[in-house]
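# Architecture and fold: a report
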Amino acid sequence: MSIIQEKRRRDFMRLAAGSLLSAAAFATLPAVVADATQSGDAPMQRRRGGRGRFRSVDEALAQGVSSGTVVGVAALAADARGVIYEAAYGKRDLAGPAGVTQDSVFWLLSMTKAITATACMQLVEQGKLGLEQPMSQVLPQLAAPMVLEGFDASGRPKLRPAKRAITLRHLLTHTSGFTYSNWSDRLPQYEKATGMPDIAESRNGAFASPLEFDPGDHWQYGIGMDVVGKIVEAVSDQSLEIYFREHIFEPLGMTNTGFLISSAQKQRTATTYTRQADGSLKPLPFEMSQRPEFFSGGGGLFGTPRDYMAFLQMLLREGTFNGAQILKPETVAAMRTNQIGDLNVNPLKSSAPAWSNDANLFPGMQQKWGLSFDINTRPGPNGRSAGSYSWAGLLNCYYWVDPVKKVTGAMFTQLLPFYDARVVDLYGGFERGLYGGLARV
């Protein structure tokens, strides 16, 4: 759930001004289904009898396309033994013939964060970083953080020194004071007053951002994981592109995930659409910068559903998958455990409605935060256990890992604004159908 700088917002909206699509245009879209129970091209796909059990998931996804909820959607699920469901419906782009598949390329945005946290925790395991370590010891620019208290009568920012140092735990848990302009009233005003670039521009000047509260005082979603990406690079002496590839992607067989997208991969990239006020969808040119000043640990990756499911299976299997141990079991356990104490995860209040709606993954439920994950403290309404952990990407991609029932699922679309009510309902139908199918042995 990365943010988009204001100038790029205007540019994208200008470029996307044509070809308004009505919901009726989706009624004749073909469905493309990859059945994990029939395809033999990957060792993960060896389970039998799953399709009948998950018929309601097929129906929900197909209806999501035919009703105009999405142009295309891919969904996968796995248990401790392997992939149990895999399907894709709709098209990568309404203007072309290609259907969405499990090898279509999606911009992952904040689904990047879990991978950055994994890299960071590898370094913690090695004793190269500590959760309570002040990060000014790694990044000197964090030595004197300033808190934005407001603005004077002329619109100039009012800043004061932070009361305490920023630790690695603060950054991993969104309690550092760093925020995102998509869900902040003050940060966009600060960017306008100072000319500071937004983090989505992938310019280093964005790291001059002030804090909105003292480290450790609150939970608010922000750019802390981008700072963690800088820390991983500084400690490992490798770029995130290389570190991720060598220490996570290659061991897991994630050959189609990275920050830099090849020409061949770009041909398989799903087009982003934006929901209009009347419910119809309009294509919106969108991609992360391919000439960044830094690789965004908070939201810069692209990848395929199959690749991301390999990563989720690693988490589900306590750190090991594809014959490779990425994390120790006790590290995975810590990552999915409350790391913010008495603080609670706050709903995201949108300040940029073109890019995000207000968002709350579990309305009315107390939520905690682990080391990069939202944790539901009670059973979810669609089947997942209490203590499951999850997050999402700005373009309405979602995932969860249930360590109690030993199941993980993910759904991929490319649609703005984030937390689209119709897509959230579709995600809920996917989850309900999956757990319902699992109950039918």
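Throughout what follows, the structure given in this document is the object of discussion.

### As for the overall build of the chain
Helix and strand content of the chain: 12 helices and 16 strands. Of the contacts formed within the chain by residues at least 6 apart in sequence, a portion of 70% connects residues at least 24 apart. When the accessible surface of the chain is summed, it comes to about 16,500 Å², and 51% of that surface belongs to carbon and sulfur atoms.

### So, helix H10 (residues 305-316)
End to end, H10 covers 16 Å across 12 residues, agreeing with the expected 16 Å (1.5 Å per residue, within 8%). Residues Pro-305, Arg-306, Asp-307, Tyr-308, Met-309, Ala-310, Phe-311, Leu-312, Gln-313, Met-314, Leu-315 and Leu-316 constitute the buried set of H10. In the segment just after H10, Glu-318 is the residue with positive phi, at about 60°.

### Structural notes on the pairing of strand S14 (residues 397-402)
Remember that side chains alternate between the two faces of the sheet whenever the strand is regular. Burial analysis of S14 places six of its six residues in the buried class, which makes it a mostly covered element. Burial along S14 is two-sided: the residues Cys-397, Tyr-399 and Val-401 and Tyr-398, Trp-400 and Asp-402 are all buried. Bridge count for strand S13 (residues 389-393) against S14 is five bridges, and the pairing is antiparallel. Paired with Gly-393 across the bridge in S14 is Cys-397.

### A look at the side chain of Asp-198
With respect to the helices and strands, the residue Asp-198 is situated in the loop between helix H6 (186-194) and helix H7 (224-236). Here the side chain of Asp-198 touches Ala-200 through a polar contact of 3.0 Å, landing on its backbone nitrogen.

### Quick notes on unusual backbone geometry
The omega torsion across Leu-416 and Pro-417 is -5°, close enough to zero to call that bond cis. One can find Pro-417 in the loop between strand S16 (415-416) and helix H12 (421-439). Positive phi outside glycine occurs at His-174, with the angle close to 60°. Structurally, His-174 is set in the loop between helix H5 (168-173) and H6.

### Side note on the sheet that holds S16
Strand order across the open sheet formed by three strands is S7-S6-S16, with mixed pairing between neighbours. The open sheet is flanked by strand S7 (281-283) and S16, the only strands paired with a single partner. Examined bridge by bridge, strand S6 (residues 273-275) and S7 share three bridges and lie antiparallel to one another. Counterpart to Thr-274 in the pairing with S7 is Lys-282.

### Some points on the nonpolar core
Core analysis: the biggest nonpolar cluster contains 126 residues, and Leu-61, Tyr-85, Leu-172, Phe-244, Tyr-308, Phe-311 and Phe-412 have the highest contact counts within it. With eight residues, the top contributor of residues to this core is H10. Phe-412 has contacts with Gly-72, Val-73, Ala-74, Leu-76, Phe-106, Leu-108, Met-111, Pro-305, Tyr-308, Asn-396 and Cys-397, leaving out every residue within four places of it along the chain. If you look at the next biggest cluster of nonpolar residues, it comprises five residues, including Leu-148, Leu-187, Tyr-190 and Met-196.

### A few points about the sheet that holds S14
Read across the sheet, seven strands follow the order S2-S1-S15-S14-S13-S12-S11 without closing on themselves; strand pairing throughout is antiparallel. Each having just a single partner strand, strand S2 (82-90) and strand S11 (367-369) make up the two edges of the open sheet. The average undirected angle you get between the axes of adjacent strands in this sheet is 20°.

### Here we look at helix H4 (residues 112-125)
The terminal C-alpha atoms of H4, which comprises 14 residues, lie 20 Å apart, in line with the 20 Å expected from a rise of 1.5 Å per residue. Judged by how many residues are buried, H4 sits mostly within the fold: 12 of 14 residues are covered. When we look at burial in H4, the residues that qualify are Thr-112, Lys-113, Ala-114, Ile-115, Thr-116, Ala-117, Thr-118, Ala-119, Cys-120, Met-121, Gln-122 and Leu-123. Considering only its buried residues, H4 is in contact with H5, H7, helix H8 (240-252), H10, helix H11 (329-335) and S14. Backbone geometry just downstream of H4 places Gly-127 in the positive-phi region, at approximately 80°.

### A short note on the environment of Ser-388
Relative to the elements of secondary structure, Ser-388 occurs in the loop between strand S12 (374-376) and S13. In this structure Ser-388 comes out as buried when scored by relative accessible area, which is 0%. Those residues within four positions of Ser-388 in sequence are excluded, and the remaining contacts are Asp-374, Ile-375, Asn-376, Val-401, Asp-402 and Pro-403. Within the structure, the side chain of Ser-388 is placed 2.8 Å from the backbone oxygen of Ser-385, a separation counted as a polar contact.

### A short note on the packing of aromatic side chains
A complete count under the given rule lists 26 aromatic pairs for this structure. Cluster of aromatic residues (ring-pair linked, three or more members): Phe-54, Tyr-85, Tyr-398, Trp-400, Phe-418, Tyr-419, Tyr-427, Phe-430 and Tyr-435.

Scoring rules and cut-offs
Residues numbered from 1 in each chain as written. Predicted model: local features only at pLDDT ≥ 70, side-chain atom pairs only at ≥ 80, totals over all residues. Heavy atoms only, no water. Helix = DSSP H or I, 4+ residues; strand = E, 2+ residues; numbered from the N terminus. Contact = heavy atoms within 4.5 Å. Areas by Shrake-Rupley, 256 points an atom, 1.4 Å probe, with all protein chains shown as cover. Expected span 1.5 Å × (residues − 1). Buried < 20%, exposed > 50% of the residue type's maximum accessible area, 1.4 Å probe, protein only. Pairing = 2+ DSSP bridges. Polar contact = N/O pair within 3.5 Å; in protein donor to acceptor, adjacent residues only side chain to side chain. Core = buried A, V, L, I, M, F, W, Y, C linked by side-chain atoms within 4.5 Å. Axes fitted to C-alpha atoms, helices over the stretch in contact; angles between N-to-C directions. Phe/Tyr/Trp six-rings, centres within 6.5 Å; stacked < 30°, edge-to-face > 60°.

Read these as geometric descriptors, not functional statements.
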